[in-house]
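As a plain string of letters, each chain reads:
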Amino acid sequence: MALTREERETFLAEPHIAALAVDAGAGRAPLTVPIWYQYAPGGEAWIMTGLDSRKNRLIGEAGRFSLMVDRLEPTIRYVSVEGPAVGTVAATEEHLRELAARYLPAEKVDGYVAFASGNHGEQVVVRMRPERWVSSDLGSV
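Residues numbered from 1 in each chain as written. Predicted model: local features only at pLDDT ≥ 70, side-chain atom pairs only at ≥ 80, totals over all residues. Heavy atoms only, no water.

A. Geometry of the overall build of the protein. When you go through the protein residue by residue, the secondary structure sums to 4 helices and 7 strands. Reading the helices (α) and strands (β) of the protein from amino to carboxyl end gives α-β-β-β-α-β-β-α-α-β-β. Since a compact globule built from 141 residues should have a radius of gyration of about 14 Å, the 15 Å found for the protein is in line with a globular shape. Its C-alpha atoms give the protein principal-axis dimensions of about 50 × 45 × 25 Å. Within the protein, the proportion of its 141 residues that are buried is 39%. Once local pairs closer than 6 in sequence are excluded, the contacts in the protein between residues at least 24 apart make up 71%. For the protein, the accessible area works out to roughly 7,800 Å², and carbon and sulfur atoms hold 53% of it. (Helix = DSSP H or I, 4+ residues; strand = E, 2+ residues; numbered from the N terminus. Rg over C-alpha atoms; globule rule 2.2 N^0.38 Å. Buried < 20%, exposed > 50% of the residue type's maximum accessible area, 1.4 Å probe, protein only. Contact = heavy atoms within 4.5 Å. Areas by Shrake-Rupley, 256 points an atom, 1.4 Å probe, with all protein chains shown as cover.)

Put into structure tokens, the structure is as follows:
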């Protein structure tokens, strides 16, 4: 059964690993990769990626991307959201810290931020305005 708007937004706001998909051009399947993301109900979703990454280049070319998150327990549930890329800005340490704190235990955040800041190169934040949703909870079937 499809989720209500509130259920799908709440589920997307939980710290799942997303599958990002973006058009990879003629003759290619979409680029699909796992990624950390941030989302608050009613707002825009955002990701961080390298300024010179293939993801960033393809999102710029396509102008849109999708994120899909799922879980297996206690029921099989998923939410997929697609929308236009509405802004790209240089990532700050605050962005990095916010994303790391969403996925890592508190005691690991400082170490990860230091490592990523020193090793991942120039990063950008890409924002997406959710436009199309697909969702289901197979436990309610």
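Structure shown, so let's carry the discussion forward.
B. Fine view of the environment of threonine 10. In this structure, threonine 10 sits in helix H1 (residues 5-13). Note: C-alpha distance between threonine 10 and proline 41 (31 residues apart in sequence) is 6.3 Å.

C. Fine view of the pattern of salt bridges. Under the criterion given, the structure shown has 11 salt bridges. A salt bridge links glutamate 131 to arginine 129; the shortest N-O distance between them is 3.9 Å. With its nearest N and O atoms 3.5 Å apart, the salt bridge here joins arginine 132 to glutamate 131. Looking at arginine 132, the relative accessible area reads 48%, which means it is partly exposed. A residue is classified by how much of its surface remains accessible, and glutamate 131, at 38% relative accessible area, is partly exposed. Each of Arg64, Glu82, Arg129, Glu131 and Arg132 takes part in a single network of salt bridges with overlapping partners. (Salt bridge = Lys/Arg side-chain N within 4 Å of Asp/Glu carboxyl O.)

D. Region of the structure containing H1. All of the buried residues along H1 are Arg8, Glu9, Phe11 and Leu12. Taken around the axis of H1, the buried residues stretch over an arc of 160°, which confines them to a single face. Buried-residue contacts for H1 involve strand S4 (64-71), strand S5 (77-90), helix H3 (93-103) and strand S7 (132-137). (Arc of directions from axis to C-beta.)

E. Main features of the nonpolar core. Among the nonpolar cores identified, the biggest contains 34 residues, and Leu12, Leu20, Tyr37, Ile47, Phe65 and Leu67 are the most heavily contacted of them. In contact with isoleucine 47, other than residues within four places in its own chain, are Leu20, Ile35, Trp36, Tyr37, Ile59, Leu67, Val124, Val125 and Val126. (Core = buried A, V, L, I, M, F, W, Y, C linked by side-chain atoms within 4.5 Å.)

F. Quick look at a nonpolar patch on the surface. There is a patch of nonpolar side chains on the surface, built from Leu72, Ile76 and Leu138 and spanning about 300 Å² of accessible area. Tracing the backbone shows leucine 72 in the loop between S4 and S5. Classification of leucine 72 as exposed rests on a relative accessible area of 63%. (Patch = residues over 30% accessible without salt bridge, like charges linked within 9 Å, V, L, I, M, F, W, Y side chains within 5 Å.)

G. Structural detail: the packing of aromatic side chains. Under the defined criterion, the tally for this structure stands at 3 aromatic pairs. With a centroid separation of 4.8 Å and an interplanar angle of 10°, the aromatic rings of tryptophan 36 and tyrosine 103 are classed as stacked. You can see tryptophan 36 sitting in the loop between strand S2 (31-35) and strand S3 (45-50) and its partner tyrosine 103 sitting in helix H3, a full 67 residues away along the chain. The exposure class of tryptophan 36 is partly exposed, given its relative accessible area of 23%. Taken together, a centroid distance of 6.2 Å and an interplanar angle of 70° make the contact between tyrosine 39 and tryptophan 133 edge-to-face. (Phe/Tyr/Trp six-rings, centres within 6.5 Å; stacked < 30°, edge-to-face > 60°.)

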